[in-house]
Amino acid sequence: MTSPEARRPIVAANWKMNTGPHDGAELARAVAAENLPFAQVDVVLCPPATGLTAVAQAVQGTPIGVGAQHVYWESSGAFTGEISVPMLTGLASYAIAGHSERRQLFGETDLDVQHKTLAILAGGLTPIVAVGESLDQRDAGATLTVLRTQITAVLEALSPEQSAASVIAYEPVWAIGTGRNASPAQAQEAIGWIRDTVAAAHGCPAAERVRIQYGGSVSPENCEELLGREGIDGALVGGASLDAAKFAAIVRAAAP
Ligand code: PGA
């Protein structure tokens, strides 16, 4: 069902709770100075909220996109500490929803992820919806069920056009920040299941268009093998994205 030439790979950097405005802008400039295949790959930097303005300025005039790591779905009001999608106007064109750290450490539920994804789309931004199973779930043979549940919770609120325009990141929890990446075969299999779930919900055209990344300990060492697999449309990169040269190597590996 997959036709790789129809989908532009997308590689996104998730800096997590690292870098402030100054060093974030410096890192962004270092990424921009790398010789990246912008004609073939979408490149996105997701700094912490306090770095969004500086990073957006640093990449101005380049094809690099900027993304938020977290948003709240209400537009404004008494929500201390939160950032809404309209508040990102002019700063970000992507936002991550459903990262496993938000789910595990901050209690984000499947319904929260649905609300966030809808708000991101309504604001004209591209959501990067992260899903993935824990090691216990994988060992229990529940990976497919977990992925289907997480994805369906979001898809059921979306139109086929909205799901086609979204980015999904398959991020097995046991591979995030552990140095233990999923094997290319495991990543490809899970991404195939996710694409099948999109097809079941919104039809084959939407499933063929939606971009599905792999995330979890992606590095310059393993990126070629992972990103060379059909159906894996790029990467969501944590640790390695804090080093411009390493991140650039991953972006280059995503080019078809
Ligand atoms: P990692 O993080 O590359 O450090 O494993 C990936 C992520 O959490 O998006």
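Preceding this section is the structure that the text describes.
Figured I'd write up the structure that's included with this text. A quick note: this is a predicted structure, and the numbers were derived from the prediction, not measured.

Thresholds, definitions, all that
Residues numbered from 1 in each chain as written. Predicted model: local features only at pLDDT ≥ 70, side-chain atom pairs only at ≥ 80, totals over all residues. Heavy atoms only, no water. Salt bridge = Lys/Arg side-chain N within 4 Å of Asp/Glu carboxyl O. Helix = DSSP H or I, 4+ residues; strand = E, 2+ residues; numbered from the N terminus. Buried < 20%, exposed > 50% of the residue type's maximum accessible area, 1.4 Å probe, protein only. Pairing = 2+ DSSP bridges. Right-handed = clockwise from strand over helix to strand, strands pointing away. Phe/Tyr/Trp six-rings, centres within 6.5 Å; stacked < 30°, edge-to-face > 60°. Lys NZ or Arg CZ within 6 Å of the ring centre and 35° of its normal. Expected span 1.5 Å × (residues − 1). Near = heavy atom within 4 Å. Polar contact = N/O pair within 3.5 Å; in protein donor to acceptor, adjacent residues only side chain to side chain. Areas by Shrake-Rupley, 256 points an atom, 1.4 Å probe, with all protein chains shown as cover. Nonpolar A, V, L, I, M, F, W, Y, C, P; charged D, E, K, R; others polar. Axes fitted to C-alpha atoms, helices over the stretch in contact; angles between N-to-C directions. Parallel < 35°, antiparallel > 145°, perpendicular 65-115°, else oblique. Left-handed = near helix turned anticlockwise from the far one by under 90°. Contact = heavy atoms within 4.5 Å.

Regarding the pattern of salt bridges
At step 1: A complete count under the given rule lists ten salt bridges for this structure.
At step 2: When the shortest N-O distance is used, the salt bridge between D233 and R7 registers 2.8 Å. Placement of the pair is D233 in the loop between α10 (223–227) and β8 (234–237) and R7 in the segment before β1 (10–14), with a sequence separation of 226 residues.
At step 3: Using a relative accessible area of 5% as the deciding quantity, one classes D233 as buried.

Structural notes on the pairing of strand β3 (residues 65–68)
At step 1: With burial as the criterion, each face of β3 is covered, one bearing G65 and G67 and the other bearing V66 and A68.
At step 2: For strand β2 (residues 42–46) and β3, the ladder comprises two bridges, and the chain directions are parallel. Its bridge partner lying in β3, V44 is registered against G65.
At step 3: You can see the chain leave β2, run along helix α2 (residues 52–58) and come back into β3, and the turn it takes is right-handed.

Quick word on the packing of aromatic side chains
The description of an aromatic ring pair uses the distance of the two centres, along with the angle that the planes make with each other.
At step 1: For the coordinates displayed, the defined rule picks out three aromatic pairs.
At step 2: Between Y72 and F79 the ring centres are 4.9 Å apart and the planes differ by 50 degrees, which places this aromatic pair in the tilted class.
At step 3: Judged by relative accessible area, F79 falls into the partly exposed class, the value being 32%.
At step 4: Ring centres 6.3 Å apart and planes at 50 degrees place the aromatic pair Y170 and Y214 in the tilted group. You can see Y170 sitting in strand β6 (residues 167–170) and its partner Y214 sitting in strand β7 (residues 211–215), a full 44 residues away along the chain.
At step 5: Grouped by ring-pair contacts, the aromatic residues Y72, W73 and F79 constitute a single cluster.
At step 6: The residue whose ring lies beneath R102 is F106, and the NZ or CZ to ring-centre distance is 4.2 Å.

Quick word on helix α6 (residues 143–155)
At step 1: With 13 residues, α6 should cover 18 Å at 1.5 Å per step; its first-to-last C-alpha distance of 18 Å lies within 8% of that length.
At step 2: All of the buried residues in α6 are T143, V146, L147, Q150, I151, A153, V154 and L155.

Describing the site of the ligand
At step 1: Taken together, 13 residues lie near the ligand, and K16, H99, E171, G177 and S217 sit nearest.
At step 2: Measuring from an oxygen atom of the ligand, one finds a side-chain N or O atom of H99 at 2.6 Å.
At step 3: Between G238 and the ligand, the recorded distance is 2.8 Å, taken from a backbone N or O atom to an oxygen atom.
At step 4: Alone, the ligand offers 280 Å² of accessible surface; in the complex the protein occludes 96% of this.
At step 5: Residue classes in the shell around the ligand are distributed as four nonpolar, seven polar and two charged.

Examining the packing of helix α4 (residues 110–122) against α6
At step 1: Between α4 and α6, the shortest axis-to-axis distance is 8 Å and the interhelical angle comes to 40 degrees. With respect to α6, the axis of α4 lies oblique. Remark: the crossing between α4 and α6 carries right-handed chirality. Across the interface between the two elements, D110, V113, Q114 and T117 of α4 pack against T149, Q150, A153 and V154 of α6.
At step 2: Across the contact of α4 with α6, the residue classes break down as three nonpolar, four polar and one charged.

Quick notes on the sheet that holds β3
Strand pairing within a sheet occurs via backbone hydrogen bonds; the two strands may be parallel or antiparallel.
At step 1: The eight strands lie next to each other as β1-β2-β3-β4-β5-β6-β7-β8, forming a closed barrel whose pairing is parallel. For this sheet the average axis-to-axis angle between neighbouring strands, irrespective of direction, equals 25 degrees.
At step 2: Here β7 runs beside β8; their pairing, made up of two bridges, is parallel. Looking at the pairing, G215 lines up with L236 of β8.
At step 3: Against the sheet, α4 engages β4 (94–97) and β5 (126–131), with an angle of about 175 degrees to β4.

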